[in-house]
Amino acid sequence: MGGNWLDKAREVLDIEVRGLRAVRDRLDGSFVRALELMAGCTGRVVVTGLGKSGLVGRKIAATLSSTGTPSFFLHPVEGAHGDLGMIRREDVIVAISNSGETDELNNILPSLKSLAGAVISLTGGVNSTMAGLSDVVIDTSVPCEACPLGVAPTASTTATLAVGDALAVCLIEWKSFALDDFRRFHPGGALGQRLTQRVEELMRSSQLPVTPSGASLGQALEVLNAGKLGCVCVLDREGRLLGLLTDGDVRRLVCAGRLDLDVAVDSVMTAGPLHATPGQKAAEVLDIMESRAITVLPVVGADRTLAGMVHMHDVLGKGRVKFSRS
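Residues numbered from 1 in each chain as written. Predicted model: local features only at pLDDT ≥ 70, side-chain atom pairs only at ≥ 80, totals over all residues. Heavy atoms only, no water.

Student: It is not clear to me how the side chain of Ser-156 should be interpreted in this structure. Could you clarify?
Tutor: Residue position: Ser-156 is located in helix 8 (residues 155–174). A distance of 2.6 Å separates a polar atom in the side chain of Ser-156 from a polar atom in the side chain of Glu-145. Setting aside residues up to four positions removed in sequence, Ser-156 forms contacts with Asn-98, Val-142 and Glu-145. (Helix = DSSP H or I, 4+ residues; strand = E, 2+ residues; numbered from the N terminus. Polar contact = N/O pair within 3.5 Å; in protein donor to acceptor, adjacent residues only side chain to side chain. Contact = heavy atoms within 4.5 Å.)

What follows is the structure in structure tokens.
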């Protein structure tokens, strides 16, 4: 019995995946024109829709607002009863209806079109009344709904939500929206709180993978393997950071046929490596990690004494990296 339900669940997901692929393959210049209108909007992106489309619209508006594009949701019925007074000429409207024939929405679209700068529609009805009232139409039609009755919005709402995400993500890159901007818009969220913390609050300061200057490469590799961080710090006698040996360094030595376990680690390490300081904000360190495609940084004080190490997972709150002495 359980297997039958699993098969049904997989069938539903397969239908939704096919719907997403269909929408993806149809994306064209209309998507780009919609993106240009939203990127150039000096007011707000006003999202509107009714029923399930309204619920999807609320999520799209929330995603846009939290990622640098001011947005709010307008209920079409409330709009018909006075809320259209919130609309300004510099705003852009995003209207959502799978059929494009939602009366409550179409009734206010002429007014929205006259009040705002432009109307973008996300609809499966490219020849619908709503499409005819819009400046730009993005086709979100799907081959079929996942509902066995073919009536409950399922694959269609998933596809519309995904197109909204695609618009939001493209706008993030268009506007060069950075992690520090995200932190400012999410001061109450767990990630936002972590990104405001200083490195000293997140870093590891004990059981660090370190080896003294002059140790052999073989000795350094033992520490590297036990540390489980993908790197080992090379220190002088005063505990100052001289260099870093990473998994990548070792791979390059192997590929070049230059792996000699007896050589001093100083001869193959990266001298004067990139590092963080205890007082840096986590958001700044995360930007460095992402821009340099690295996951861990040594943390040093003003005199370059090693104070700790910080891993990207610690910054993102995905759990501490466990150190092992196996």
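Student: Is there a simple way to explain the nonpolar core in this structure?
Tutor: Within soluble globular proteins, side chains that are nonpolar generally end up buried alongside one another. With 30 residues, the main nonpolar core has Met-38, Val-47, Leu-64, Val-94, Ile-120 and Ile-138 as its most contacted residues. The element contributing the most residues to this core is helix 8, with 6 residues. Apart from the residues within four sequence positions on either side, Ile-138 is in contact with Leu-27, Ser-30, Phe-31, Ala-34, Ile-120, Ser-121, Leu-122, Thr-123, Val-163 and Leu-167. (Core = buried A, V, L, I, M, F, W, Y, C linked by side-chain atoms within 4.5 Å. Buried < 20%, exposed > 50% of the residue type's maximum accessible area, 1.4 Å probe, protein only.)

Student: Hey, could you run me through the packing of helix 3 (residues 52–66) against helix 8 in this one?
Tutor: Describing two packed helices takes the angle between their axes plus the distance from one axis to the other. One way to put it is that helix 3 packs onto helix 8 with a least axis distance of 10 Å and a crossing angle of 15 degrees. Relative to helix 8, the element helix 3 lies roughly parallel. For the element pair helix 3 and helix 8, the recorded crossing hand is right-handed. Residues Lys-52, Val-56, Lys-59, Ile-60, Thr-63 and Leu-64 of helix 3 form the contact with helix 8, whose own contacting residues are Thr-157, Thr-160, Leu-161, Gly-164, Asp-165, Ala-168 and Leu-171. (Axes fitted to C-alpha atoms, helices over the stretch in contact; angles between N-to-C directions. Parallel < 35°, antiparallel > 145°, perpendicular 65-115°, else oblique. Left-handed = near helix turned anticlockwise from the far one by under 90°.)

Student: Is there a simple way to think about the pattern of salt bridges in this case?
Tutor: Where charged atoms from two side chains of opposite charge come close, those side chains can pair. Under the criterion given, the structure shown has 10 salt bridges. In this structure, Lys-8 and Glu-11 form a salt bridge, with 3.7 Å as the shortest nitrogen-oxygen distance. Here the residue Lys-8 and the residue Glu-11 both occupy positions in helix 1 (residues 2–26), the gap between them amounting to 3 residues, near one helical turn. Overall, the relative accessible area of 31% leaves Lys-8 in the partly exposed class. On the accessibility criterion, Glu-11 (39% relative accessible area) is partly exposed. Arg-240 is the partner of Asp-236 in a salt bridge, and the nearest nitrogen-oxygen pair spans 3.0 Å. Residue classification places Asp-236 among the buried residues on the basis of a relative accessible area of 18%. Residue class for Arg-240 comes out partly exposed when judged on its relative accessible area of 34%. (Salt bridge = Lys/Arg side-chain N within 4 Å of Asp/Glu carboxyl O.)

Student: Please clarify how the environment of Arg-258 should be interpreted in this entry.
Tutor: In this fold, Arg-258 is placed in the loop between helix 13 (247–255) and strand 9 (270–271). For the pair Arg-258 and Val-268, spaced 10 residues apart in the sequence, the C-alpha separation amounts to 9.8 Å.

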